[in-house]
Amino acid sequence: QVQLVESGGGLVQPGGSLRLSCAASGIIFHILDMGWYRQAPGKQRELVATIPNTGNTNYADSVKGRFTISRDRTQNTVYLQMNSLRPEDTAVYYCNALIRKTYRDSPLQYWGPGTQVTVSS
């Protein structure tokens, strides 16, 4: 089994910062892409940022310059540093990873259960 577990969500005032973490565990041969998505109430889930195993990071226009995605390949962990938070960043944030469990398997997408981020005064 493969499991993704997020942490670091919470309540923060506008202009504040939070750092989300997501650790992948279980039977893992190789992790390709990792990323963060979010879903606000009444809205569809949307991409926040992705980071491939090699190559450039990708950000939603709404978070460029404020959020930074990074990963620790030795720990199978991805981070999302969120600065200058706004009320419209309020959402459940989900970790996503494209993982190959063995060398014979095709990569599959996995999701974490989500962590709530609330930006409010």
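Before any of the text, the structure's been laid out above.
Read on for an overview of the structure. For every chain, the first residue of its written sequence is number 1, and the numbers climb from 1 along that sequence. Whole-chain, interface and lining totals are the exception, using all residues; otherwise, since this is a predicted model, local features are given only for residues with pLDDT of at least 70 and side-chain atom pairs are given and counted only at 80 or more. Hydrogens and water are ignored here; the side-chain numbers use all heavy atoms of the structure.

**Some details on the overall build of the chain**
So, point 1. Numbering of helices and strands runs from the N terminus; a helix is a DSSP stretch of H or I covering at least four residues, while a strand is a stretch of E covering at least two. Looking only at helices and strands, one finds 0 helices and 11 strands in the chain.
So, point 2. In sequence order, the secondary structure elements of the chain are arranged as β-β-β-β-β-β-β-β-β-β-β.
So, point 3. Using C-alpha atoms as the atom set, the radius of gyration is obtained and then compared with a globule rule of 2.2 Å times the number of residues to the power 0.38. Here the chain has a C-alpha radius of gyration of 14 Å; the compact-globule value for 121 residues is 14 Å, and the two agree.
So, point 4. Overall, the chain is about 50 × 25 × 25 Å in size when its C-alpha atoms are taken along their principal axes.
So, point 5. Taken across its 121 residues, the chain has 39% of its residues classed as buried.
So, point 6. Residues are treated as being in contact if the distance between any of their heavy atoms lies within 4.5 Å. In the chain, 56% of the contacts between residues at least 6 apart in sequence involve partners at least 24 apart.
So, point 7. Carbon together with sulfur atoms contributes 46% to the accessible area of the chain, which is approximately 6600 Å² in total. The cut-offs for exposure are 20% and 50% of the maximum accessible area for each residue type, with area from a 1.4 Å probe on protein chains only; residues under the lower value are buried, those over the upper are exposed, and the others partly exposed. The accessible surface values rely on the Shrake-Rupley method and a 1.4 Å probe; as for residues, cover is taken only from the protein chains in view.

**A short note on the state of the cysteines**
So, point 1. Cysteine sulfur atoms are paired as a disulfide whenever they fall within 2.5 Å. This model, assessed by the stated rule, comprises 1 disulfide.
So, point 2. Disulfide pairing is shown between C22 and C95; the S-S distance is 2.1 Å. Disulfide C22 to C95: torsion about the S-S bond roughly -80°, handedness left-handed. Of the two residues, C22 is situated in strand β3 (residues 18–26) and C95 in strand β9 (residues 91–100); the sequence distance between them amounts to 73 residues. For the pair C22 and C95, a shared accessibility class is recorded, and that class is buried.

**Comments concerning the sheet that holds β3**
So, point 1. Here, a strand pair is defined by DSSP locating no fewer than two bridges between the strands. Pairing is antiparallel in the open sheet, where 4 strands are placed in the order β1-β3-β8-β7. Looking at the sheet topology across the chains shown, the edges are occupied by β1 (2–7) and β7 (67–72). Strand-to-strand twist across the sheet, computed as the mean angle between neighbouring axes with direction ignored, equals 15°.
So, point 2. Bridging between β3 and strand β8 (residues 77–82) involves 6 bridges; their strand directions are antiparallel. Residue L18 lies in a different strand from β8, and its bridge partner there is M82. Axis definition: a line fit to C-alpha positions, over the contact stretch in the case of helices; interaxial angles, taken between N-to-C directions, run 0 to 180 degrees.

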